[in-house]
Structures are given as structure tokens and as C-alpha cells.
Amino acid sequence: MDTAGGNWSSARELLNEAADTIADRGATYGHYDLTMLRTAKLWTDFLEREIDPMDVAICMALVKLARIMETPTVHDSWVDFCVYAAIAGEL
């Protein structure tokens, strides 16, 4: 897929970039376990119903999917979609 900001010749390359992104963002923002937990607590308070970390990861993947539906050529949306799907799968 030739996209704005990147060019993948295989799904494996996309997934490798997503794995690198998880590591890079972990170095910047801390491990995603803590980020997803903090976000779940904030969303729980705001929405006044229980949200768990996996819900956060799935909802973030859905945000990326909504962006992909609008503009499927944006490289970062595909990478981020894979990142959040992988995190949800682990959680």
C-alpha cells in the first residue's frame, strides 16, 4: 500500500512498524498498561459507568478505523489501528 508518509510492501512491514511504534511510545509516555488503566479510570469517572483498559484500547482502535474510513491513505492511522488492536488483544 502506498500511503502518505509510508510505503509497505507487506502486512508484515506494517505490523513491524506498529511494534516499533509501541516501543517508541512506551519510551515517551510509559508502558501502555498504565496509560490504558489511567484512561479507563478517567473515562469511568466521566461516563459514570465502569470502563476497563481493554475497552479503552478497542475504542481507540475504533477511532482510528473511523479515520481510515474517511481517509484510507493516511499512513499513521493504519499503524495506530494495528497498535491499538494489538494492545487490546494482549489485554
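For the structure, see preceding data.
Predicted model only: the values in this text are computed from it and were never measured. (Residues numbered from 1 in each chain as written. Predicted model: local features only at pLDDT ≥ 70, side-chain atom pairs only at ≥ 80, totals over all residues. Heavy atoms only, no water.)

*Asks:* It is not clear to me how the packing of helix α1 (residues 11-29) against helix α4 (residues 75-90) should be interpreted in this structure. Could you clarify?
*Replies:* A pair of packed helices can be characterised by two numbers: the angle between their axes and the separation between those axes. Where α1 contacts α4, the axes come no closer than 9 Å and their chain directions differ by 75°. The angle between the axes of α1 and α4 places the two elements in the roughly perpendicular class. Across the interface between the two elements, L14, L15, E17, A18, T21, I22 and R25 of α1 pack against H75, W78, V79, D80, C82, V83 and A86 of α4. Counted by class, the contact of α1 with α4 contains nine nonpolar, two polar and three charged residues. (Axes fitted to C-alpha atoms, helices over the stretch in contact; angles between N-to-C directions. Helix = DSSP H or I, 4+ residues; strand = E, 2+ residues; numbered from the N terminus. Parallel < 35°, antiparallel > 145°, perpendicular 65-115°, else oblique. Contact = heavy atoms within 4.5 Å. Nonpolar A, V, L, I, M, F, W, Y, C, P; charged D, E, K, R; others polar.)

*Asks:* Help me understand a nonpolar patch on the surface, please; the structure alone is not making it clear to me.
*Replies:* On the surface, a nonpolar cluster with roughly 550 Å² of combined accessible area is contributed by M54, I58, L62, L65, M69 and L91. For L91, the position within the fold is in the segment after α4. Here L91 falls in the partly exposed class, since its relative accessible area comes to 39%. (Patch = residues over 30% accessible without salt bridge, like charges linked within 9 Å, V, L, I, M, F, W, Y side chains within 5 Å. Areas by Shrake-Rupley, 256 points an atom, 1.4 Å probe, with all protein chains shown as cover. Salt bridge = Lys/Arg side-chain N within 4 Å of Asp/Glu carboxyl O. Buried < 20%, exposed > 50% of the residue type's maximum accessible area, 1.4 Å probe, protein only.)

*Asks:* It is not clear to me how unusual backbone geometry should be interpreted in this structure. Could you clarify?
*Replies:* Glycine aside, residues mostly have negative phi, and peptide bonds are mostly found in the trans state. With phi around 60°, E48 is a residue other than glycine that occupies positive phi space. Residue placement: E48 occurs in the loop between α2 (32-47) and α3 (53-70).

*Asks:* Just to check I follow, could you spell out the state of the cysteines for this structure?
*Replies:* Each disulfide is one covalent bond, formed between the sulfur atoms of two cysteines. With the rule as written, the count across this model stands at zero disulfides. In this structure C59 is a free cysteine whose sulfur lies 18 Å from that of C82, the closest cysteine sulfur available. When its relative accessible area of 35% is taken as the criterion, C59 is described as partly exposed. C82 gets classed as buried once you look at its relative accessible area, which sits at 15%. (Disulfide = S-S within 2.5 Å.)

*Asks:* Hey, could you run me through the pattern of salt bridges in this one?
*Replies:* Any two side chains of opposite charge can pair, given that their charged atoms come close. Throughout the structure, instances matching the rule amount to two salt bridges. Between R25 and D80 there is a salt bridge whose closest N-O contact spans 2.7 Å. Here D80 lies in helix α4 and R25 lies in helix α1, a separation of 55 residues in the sequence. When its relative accessible area of 33% is taken as the criterion, R25 is described as partly exposed. Relative accessible area serves as the criterion here: at 8%, D80 is assigned to the buried category. A salt bridge links D80 to K64; its shortest N-O distance comes to 3.1 Å. Here the residue D80 occupies a position in helix α4, and K64 occupies one in helix α3, the gap between them amounting to 16 residues. With respect to burial, D80 and K64 carry one shared label: buried. Taken together, the shared-partner salt bridges in this structure form one network comprising R25, K64 and D80.

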